[in-house]
Amino acid sequence: MTRSLPIIIDTDPGQDDAVAILLALASPEFEVLGITAVAGNVPLALTEKNARKICELAGKPETKVFAGAIRPMIRPLVTAEEVHGKTGLDGPVLPEPTMPLQDQYAVDFIVETLMSRPAGTVTLCTLGPLTNIGLALVREPRIAGRIKQIVAMGGGYFEQGNVTPAAELNIYVDPHAARLVLDAGIPFTLIPLDCTHQALTTAKRVEAFRKMPNKSGPAVAAMLDFFERFDENKYGTDGGPLHDPCVIAWLLKPELFKGRLVNVAVECESELTMGATVVDWWHVTKRPPNATVIRDVDAEGFFKLLADRIGTLP
């Protein structure tokens, strides 16, 4: 990148969200216009607080954090404290944030930013349920033509689901918002479990963060120590998948990833498969492609990028 890429990070921290935010704030390639919090991994009151904690950990208290949707568009909220702990950031002991939460509603901030910035310049990095983006599209449909691209962590196809047999959490929490956003005609890159399950927080990789002489590295190690225990027990692997930082890493080094342009549809009717992402990987339908779905990642290159960047933080 020859100039800073303007991004909005929409997130529900979550330890893996926190690592993604740290990676973005450590990367001069980005102009982080704001961080918009949404209910997801834990309720909104915690996700907006956690976003501010991470900004302060990164030494970036000037970052603007906005609170958004308190619940999905239609369905009741489903959270994941069994994975992330009661705070969403269990693991390290982080102080209560002193930086302010912005007064503006996150959905209004998204709309205002996209309508005031030149069309095709702002990228949305979505790390949680797509509720805020869906609500923004309902409020001002013209933003669909002004977004440069959306890069989202969510879904699964070959790996199936992680919260139900068919669905990944981010899509399952608000499948109606996900369908709305995918059908809006916006350039869309989806990073599903098929990719993120290759990015495992092995003991060796976590130790690299623990040995860093800054505060951010050991804090990341403590987050991953807590976060990975659930998936290690579930999958029987050395470490758990590190999902959300793949979004930021794809923007920084797309050569670390492989995927293809296909059609993705979201199931919103069947309770049995609610939130499933139906990926037409083999182009067997006549549905037009609407997303680049990433299936593979160079895990060693990905973790090297993470360590190099987080090592530059306070």
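Provided above is the structure to which this section pertains.
Residues numbered from 1 in each chain as written. Predicted model: local features only at pLDDT ≥ 70, side-chain atom pairs only at ≥ 80, totals over all residues. Heavy atoms only, no water.

From N to C terminus, the chain includes 12 helices and 10 strands. Principal axes of the C-alpha set define a box for the chain whose edges measure 55 × 45 × 40 Å. When each of the 314 residues of the chain is scored for burial, the buried share is 60%. In the chain, the share of contacts with a sequence separation of at least 24, taken over all contacts with a separation of at least 6, comes to 82%. As displayed, the chain has an accessible area near 12400 Å², and 55% of this comes from carbon and sulfur atoms. Charge separation in the chain, taken as the distance between the mean sites of 30 positive and 38 negative side-chain charges, equals 4 Å. (Helix = DSSP H or I, 4+ residues; strand = E, 2+ residues; numbered from the N terminus. Buried < 20%, exposed > 50% of the residue type's maximum accessible area, 1.4 Å probe, protein only. Contact = heavy atoms within 4.5 Å. Areas by Shrake-Rupley, 256 points an atom, 1.4 Å probe, with all protein chains shown as cover. Lys, Arg positive; Asp, Glu negative; His and termini not counted. Charge placed at Lys NZ, Arg CZ, Asp CG, Glu CD.)

So, about the packing of helix H11 (residues 245-252) against helix H12 (residues 299-310). For the pair H11 and H12, the least separation of the axes is 11 Å and the interaxial angle reads 90°. Classified by the interaxial angle, the pair formed by H11 and H12 is roughly perpendicular. In this structure, H11 contributes Pro245, Cys246, Ala249 and Leu252 to the contact, and H12 contributes Phe302, Leu305, Leu306 and Arg309. Counted by class, the contact of H11 with H12 contains seven nonpolar, no polar and one charged residues. (Axes fitted to C-alpha atoms, helices over the stretch in contact; angles between N-to-C directions. Parallel < 35°, antiparallel > 145°, perpendicular 65-115°, else oblique. Nonpolar A, V, L, I, M, F, W, Y, C, P; charged D, E, K, R; others polar.)

The next thing to look at is the side chain of aspartate 280. Topologically, aspartate 280 is positioned in the loop between strand E9 (277-279) and strand E10 (291-297). The buried charged residue aspartate 280 lacks any salt bridge partner; its closest oppositely charged side chain belongs to arginine 287, at an N-O distance of 5.2 Å. Leave out the neighbours within four places in its chain, and aspartate 280 touches Val262, Asn263 and Thr285. (Salt bridge = Lys/Arg side-chain N within 4 Å of Asp/Glu carboxyl O.)

The next subject is the pairing of strand E5 (residues 147-153). Across the seven residues of E5, six count as buried, placing the element largely inside the fold. Bridge count for strand E4 (residues 122-126) against E5 is five bridges, and the pairing is parallel. Looking at the pairing, valine 122 lines up with isoleucine 147 of E5. Of the crossover connections in this fold, the one passing from E4 over helix H5 (residues 131-139) to the parallel E5 is right-handed. Sheet analysis places E5 next to strand E6 (residues 188-191), joined by four bridges and oriented parallel. Bridge pairing in E6 links isoleucine 150 to phenylalanine 188. (Pairing = 2+ DSSP bridges. Right-handed = clockwise from strand over helix to strand, strands pointing away.)

A cluster of nonpolar side chains, namely Tyr157, Phe158, Val278, Trp282 and Val284, defines an oily patch on the protein surface of about 520 Å² accessible area. As for its placement among the helices and strands, phenylalanine 158 is situated in the loop between E5 and helix H6 (169-173). Phenylalanine 158 gets classed as partly exposed once you look at its relative accessible area, which sits at 33%. (Patch = residues over 30% accessible without salt bridge, like charges linked within 9 Å, V, L, I, M, F, W, Y side chains within 5 Å.)

With that settled, consider the layout of surface pockets. Taken as a whole, the largest pocket holds about 290 Å³ of empty space. Forming the boundary of the largest pocket are 22 residues, of which Ala80, Val83, His84, Asn162 and Leu169 lie nearest the centre. Secondary structure elements with two or more residues in the lining of the largest pocket: helix H1 (15-25), helix H3 (81-84), H6 and helix H10 (216-235). Of all the elements, H10 adds the most residues to the lining of the largest pocket, at five residues. Looking at side-chain class alone, the lining of the largest pocket contains nine nonpolar, five polar and eight charged residues. (1 Å grid on protein atoms, 1.4 Å probe; cavity = no way out; pocket = protein on both sides within 12 Å on 5 of 7 lines; lining within 4 Å. Points joined across faces, edges and corners; volume = space filled by probe spheres on them.)

It is worth spelling out the nonpolar core at this point. Core analysis: the biggest nonpolar cluster contains 63 residues, and Ile54, Phe209, Ile248, Phe257, Phe302, Leu306 and Ile310 have the highest contact counts within it. Discounting residues that sit within four places of it in the chain, phenylalanine 257 has contacts with Cys195, Cys246, Ala249, Trp250, Ile294, Asp296 and Val297. Membership of the second largest hydrophobic core comes to 36 residues, among which are Leu33, Ile133, Ile147 and Leu182. (Core = buried A, V, L, I, M, F, W, Y, C linked by side-chain atoms within 4.5 Å.)

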